[in-house]
Amino acid sequence: MKRNADIVRVSAHGGHSGQFCLHARDDLEQIVAAYAAAGFRWIGLTEHMPPMTDAGRYPDEVEAGLSAAQMQRRFADYVATARQLQQHYAGRMTIYVAMEGEFYAGVIPWIRRLRREYALDYIVGSVHHVHECCFDFSRADYARALELCGGYAELYCAYFDAQFAMLHHLQPAVVGHFDLIRLYDDAYPAHLLLPEVQQRIERNLAFIAANGLLLDFNTRALFKGAAEPYLSAPLLRRALDMGIDLVPGDDSHGVDSVAAGIDSAIAILKDNGYHCQWRTPCDSNVTPATNGV
Ligand SMILES: [Zn+2]
Ligand SMILES: [Zn+2]
């Protein structure tokens, strides 16, 4: 992918590291160094939130015998390390210290508390669960969520309804991988077009537009071999029509995925007529024409 020399590289969602996340690799310092070497203007480090209780752990965390309390201490370490790196790189590359959230029963006060206690620069609002069932950890988990919902239409509707509730309660500066629910579904283009799904997508995008939230144009799907990033092309066009701002996110989980797909994402946005003058997650609702980012 040829690089657009006139458009700066940024990532609003990434920097998961093996130091602070079981399913990622490498140390945070190595990952940040890779971003700097790749010429990024700014990055948001968005490690996964620690679970509130042991019930909120992912299967690999349970298997590894990690407790929620241990993960909470590890998260404190993450923020401290990220703040040190933020200072170290000041003047060369702006680093935001952020967190990727979850959405399941009872999690909202916990996310708000973490945001406040750690004075996080912003939150990426993500949904990885429907009806308390995680769907993105593995293909088997996705199949379980599908069975629980009773069909693709129901699964997609449950996802976008959970996302709407998350948006309403949290108003995250960045909305993570908007259509992640298509992750293990080869027939997703048709499922995204179902009238009941379309209506929910429209509602959620309208909320994002009205509240000036940023969409994460997430290239993790490309890294894993999918044909297009989150959002899928028709949803991207609709978001742009509604005046929503987007920012690329590589969702890196190791040095090897730093910058992966970022230039492709920029090319897609440019082809769709987007200005690519990135608003940062901390410039809440400021128009790119005036903030000079
Ligand atoms: Zn992850
Ligand atoms: Zn995610």
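For the structure itself, consult the block above.
This structure is a prediction, so every number in the text was calculated from the model and none was measured.

Cut-off values and rules
Residues numbered from 1 in each chain as written. Chains lettered and ligands numbered in written order. Predicted model: local features only at pLDDT ≥ 70, side-chain atom pairs only at ≥ 80, totals over all residues. Buried ≥ 20, exposed ≤ 12 C-beta atoms within 10 Å, placed from the backbone. Helix = DSSP H or I, 4+ residues; strand = E, 2+ residues; numbered from the N terminus. Pairing = 2+ DSSP bridges. Contact = placed C-beta atoms within 7 Å. Axes fitted to C-alpha atoms, helices over the stretch in contact; angles between N-to-C directions. Parallel < 35°, antiparallel > 145°, perpendicular 65-115°, else oblique. Left-handed = near helix turned anticlockwise from the far one by under 90°. Nonpolar A, V, L, I, M, F, W, Y, C, P; charged D, E, K, R; others polar. Core = buried A, V, L, I, M, F, W, Y, C linked by C-beta atoms within 7 Å. Right-handed = clockwise from strand over helix to strand, strands pointing away.

Visitor: I keep staring at the pairing of strand β9 (residues 246-249) and nothing clicks. Help me out?
Guide: Side-chain positions along a regular strand alternate between the two faces of the sheet. Where burial is concerned, the two faces of β9 agree: the one with Leu246 and Pro248 and the one with Val247 and Gly249 are both buried. For strand β8 (residues 214-218) and β9, the ladder comprises four bridges, and the chain directions are parallel. Across the sheet, the residue bridging to Asp216 is Val247, located in β9.

Visitor: Got a minute to help me understand unusual backbone geometry in this structure?
Guide: A negative phi holds for most residues other than glycine; trans holds for most peptide bonds. Going from Tyr230 to Leu231, the amide bond is cis rather than trans, its omega being 15 degrees. Of note in this structure, Gln171 is not a glycine but carries a positive phi near 40 degrees. Mapping Gln171 onto the fold places it in the loop between α6 (152-170) and β7 (174-175). Here Gln171 falls in the partly exposed class, since 16 other C-beta atoms lie within 10 Å of it. Of note, the phi angle at Ala259 is positive, near 75 degrees, even though the residue is not glycine. Within the secondary structure layout, Ala259 lies in the loop between β9 and α11 (262-271). Residue classification places Ala259 among the buried positions, given that 23 C-beta atoms sit within 10 Å.

Visitor: How do you make sense of the environment of Phe20 when you look at a structure like this?
Guide: In this fold, Phe20 is placed in the loop between β1 (10-14) and α1 (28-37). Taking the C-alpha atoms as reference points, Phe20 and Tyr78, separated by 58 residues in sequence, lie 6.3 Å from one another. Phe20 has contacts with Leu28, Glu47, Arg74, Asp77 and Tyr78, leaving out every residue within four places of it along the chain.

Visitor: Help me understand the packing of α6 against helix α8 (residues 195-210) in this model?
Guide: Geometry of a packed helix pair, given as the angle between the helix axes and the separation of the axes. The interhelical angle for the contact between α6 and α8, taken along N-to-C directions, is 15 degrees, at an axis separation of 9 Å. Considering their axes alone, α6 and α8 lie roughly parallel with respect to each other. Relative to α8, α6 is oriented so that their crossing is left-handed. Of the residues in α8, those touching α6 at Ala153, Tyr156, Cys157, Phe160, Asp161, Gln163, Phe164 and Leu167 are Glu196, Val197, Arg200, Ile201, Arg203, Asn204, Phe207 and Ile208. When grouped by side-chain class, the residues that make up the contact of α6 with α8 number 10 nonpolar, two polar and four charged.

Visitor: What exactly am I supposed to notice about the nonpolar core here?
Guide: One broad rule of soluble globular proteins: the nonpolar side chains tend to lie buried together. Among the nonpolar cores identified, the biggest contains 77 residues, and Ala98, Leu214 and Leu215 are the most heavily contacted of them. A per-element tally of this core places α6 first, with seven residues.

Visitor: I tried to follow the pairing of β1 on my own but got confused; where do I start?
Guide: Counted residue by residue, β1 has five buried out of five residues, so it is predominantly covered. Of the pairings in the sheet, the one linking β1 to strand β2 (residues 42-48) comprises three bridges and is parallel in character. Paired with Val10 across the bridge in β2 is Trp42. Handedness of the crossover joining β1 and β2 through α1: right-handed.

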